Structures are given as C-alpha cells and as structure tokens.
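Here are the chains, one letter per residue:
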Amino acid sequence: MEFSEYLTAVRGEGEALARAAAEGLDPHVPCCPDWTVRDVVAHTGAVHRQKEQIVRERWIDQAPPLVEAPTDGLLDWYNEGLDQLIATLAETDPATPVYTWYEPDQTAGFWYRRMAHETAVHRVDVEQGHGIDGLVVADLAADGVDELLVVMLTGYPAWAEVAEYGSTLRLECTDQEAAWTLRYVTFSGRSPNTGTEFADEPSFIFAEGSEPTAIARGTASDLLLYGWGRRPLTALPVEGDLTLVADFRSVAADVT
C-alpha cells in the first residue's frame, strides 16, 4: 500500500471508531473481557497522541510516555488527537528518521502503517462491543496480515539456538492474491541484553515453497482478525493440523 492509502485508512478507521463509540462507552468488548468501549477509546487515543508526538518532535532513541485519557469529554479528546495525528503524518515525509520499536525501519513511514492497522483493529473492538461483527476492507487487511507476520511474529534473536520442525502453516486469502507459508520453530538461549533465559520458545519463520502441514483459508479480514484474537479458529476453514493453526494464534498473542 502507498503511504497516502495508510493516511486515508487512519482517518477512515479512526472516524468509524468514534462513530461506533458514540453509541455508548460502557459495553464490554468480547475479545478483551477486562475492557469496555471506554477503555478501547482511551487506549487508542493515547497511542495516537504518543505516535504523533514521536513524529512531530522527531524522537529518535525512545518513545515519550503515554498520556492519560480524561475522565470527561473522552470522545472529544480522542477526535482531537486523531486530527493531530493525521495532520502531523500528512506534513511529514515518510522517510523522516524517528524512533520505532522495529529496528529495521526507523522512519515516520512505519507509523503511517502501524497506526492504520492499530486503529482498524480497535475500531473492530468497539463495534464488537456494540454487537456488530466488524470487518476490515480486503486490501488493508491483507497488508495487516503481512505486517503482523513480518514485523511482529516471525523470526528469532540472533543469539538464539534454533530448532526447526517439519510443521509448516500456509495462510491463504480468498479475496486477495496473497498467501504466506510459515515453518514452526523453537529457540533457546539467554538474552545478552536482559539476561532472560529462554527455553524452547515457539516462533515461526518464512518457508515459501515448503509443503504445508496445515492450510488456513479465509478472507483477508478473517485472517487478520484471527491473528489479532478478534476471530475464533472456527472462522477459518482449515485443512490439516488444527493444532498448528492454534499455535500460530498463541505465538501472535505473545508478541502483540
């Protein structure tokens, strides 16, 4: 997707979230039992403001702290923050160096993409809180699956000892020309940065061309929302090893 398309998605998804939230802030969100719609709006608004500050002030080495959402006037506060985020991104070259938590991409463009998907998933949360089975448009959803896999889910630390297994999962979109093949692995070792010891920590790596042990097919929206825990496994037709598809969601839950 183009950066202009991400910016359009931030606005469209952000405004849709606000419209859904205007129906009421008290309902509980099914996928996040401890959260109400109010909590989702407060969280998303705080994230928007933090990322806007990173880009506007050109933070490089770290992120500023999240701001606290107000008790009163939450939706007005949220909408103001959304407008600020969109304005700041629109006037910033995506190649501008800024802090991100993803080492391979330390540019404002990372936040264009991340905020589009962050906002879309939380818009679905708010809609689900009001009994609406929301979805994400196909092109944005397929890009979101790719972001989830490349940026968050696949790989392992350079210092780790890795054990590869024969289990291979293929994710196939039924409404986009997009598919990904992943091999299940585990890694072990001690982090030189934190001293944390890892033993047989599950992960996935890309393994294009491998024969799949399991194939999960669905719309790009269903694949994305399953990966983010907003759809049950039953939403995806699966051929082969169901356990492997469940393991994929378990790993995704740990890294998101």
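Here, every reference points to the structure presented above.
What you are looking at is a predicted structure, and each value in this text was computed from that prediction instead of being measured.

Visitor: Tell me about the nonpolar core, and please be specific about residues and values.
Guide: Counting 69 residues, the largest nonpolar core has Val-41, Val-136, Leu-149, Leu-171, Phe-204 and Phe-248 as the members making the most contacts within it. Broken down by element, this core gets its largest block of residues, 10 residues, from helix 4 (residues 108–129). Filtering out sequence-adjacent residues up to four positions away, Val-41 remains in contact with Leu-17, Ala-21, Leu-25, Leu-74, Leu-75, Trp-77 and Tyr-78.

Visitor: Explain the environment of Val-40 to me, and be specific about the residues and the numbers.
Guide: Mapped onto the fold, Val-40 is located in helix 2 (residues 37–57). Residue class for Val-40 comes out buried when judged on its relative accessible area of 0%. Spatially, the C-alpha atom of Val-40 lies 21 Å from that of Val-137, the residues being 97 residues apart in sequence. Setting aside anything within four residues of it in sequence, one finds Val-40 in contact with Val-29, Trp-35, His-122, Asp-125 and Val-126.

Visitor: Outline the packing of aromatic side chains, supporting the account with residue identities and numerical values.
Guide: All chains considered together, the criterion is met by 12 aromatic pairs. Their ring planes at 35° and their centres at 5.8 Å tell us that Trp-159 and Phe-198 sit as a pair that is tilted. One end of the pair, Trp-159, is in the loop between helix 5 (138–153) and strand 3 (161–173); the other, Phe-198, is in strand 5 (residues 197–206), and 39 residues separate them in sequence. Taking the centre distance of 5.6 Å and the plane angle of 75° together, the rings of Tyr-184 and Phe-204 count as edge-to-face. Taken together, the residues span a long stretch of sequence, with Tyr-184 in strand 4 (residues 179–190) and Phe-204 in strand 5 at a distance of 20 residues. Of the two residues, Tyr-184 and Phe-204, neither departs from the other in class, the shared state being buried. Through pairs of rings, three or more aromatic residues link up here, namely Tyr-165, Tyr-184, Phe-204, Tyr-226 and Phe-248.

Visitor: I'd love a proper account of the sheet that holds strand 7 (residues 238–240), names of residues and values included.
Guide: A sheet is described by the order of its strands in space; here 5 strands give the open sequence 5-4-3-6-7, paired in mixed fashion. In this open sheet, the two edge strands, each paired with only one partner strand, are strand 5 and strand 7. Taking each pair of neighbouring strands and ignoring which way they run, the sheet shows an average axis angle of 20°. With 5 bridges joining them, strand 3 and strand 6 (residues 214–218) adopt parallel strand pairing. Considered in strand 6, the bridge of Leu-169 is made with Ala-214. Here helix 5 sits on the sheet in contact with strand 3, strand 4 and strand 5, set at roughly 20° to strand 4.

Visitor: Lay out the pairing of strand 6 in plain terms, naming residues and giving numbers.
Guide: Where burial is concerned, most of strand 6 is hidden: 4 out of the 5 residues are buried. In this sheet, strand 7 lies alongside strand 6 in antiparallel orientation, the contact comprising 3 bridges. Within the sheet, the bridge partner assigned to Ala-214 lies in strand 7 and is Gly-240.

Visitor: Quick one: what's the story with the side chain of Ser-221, residue by residue and with numbers?
Guide: Structurally, Ser-221 is set in helix 6 (residues 220–227). A relative accessible area of 5% places Ser-221 in the buried class. In contact with Ser-221, not counting residues within four places along its chain, are Leu-135, Val-136 and Ala-141.

Visitor: I'd like a description of the pattern of salt bridges, backed by residues and values.
Guide: Considering all chains together, one arrives at 19 salt bridges under this definition. A salt bridge links Arg-217 to Glu-239; its shortest N-O distance comes to 2.6 Å. Taken together, the positions of Arg-217 in strand 6 and Glu-239 in strand 7 put the pair 22 residues apart, joining distant regions of the chain. For Glu-239, a relative accessible area of 44% gives the class partly exposed.

Thresholds applied
Residues numbered from 1 in each chain as written. Predicted model: local features only at pLDDT ≥ 70, side-chain atom pairs only at ≥ 80, totals over all residues. Heavy atoms only, no water. Core = buried A, V, L, I, M, F, W, Y, C linked by side-chain atoms within 4.5 Å. Buried < 20%, exposed > 50% of the residue type's maximum accessible area, 1.4 Å probe, protein only. Helix = DSSP H or I, 4+ residues; strand = E, 2+ residues; numbered from the N terminus. Contact = heavy atoms within 4.5 Å. Phe/Tyr/Trp six-rings, centres within 6.5 Å; stacked < 30°, edge-to-face > 60°. Pairing = 2+ DSSP bridges. Axes fitted to C-alpha atoms, helices over the stretch in contact; angles between N-to-C directions. Salt bridge = Lys/Arg side-chain N within 4 Å of Asp/Glu carboxyl O.

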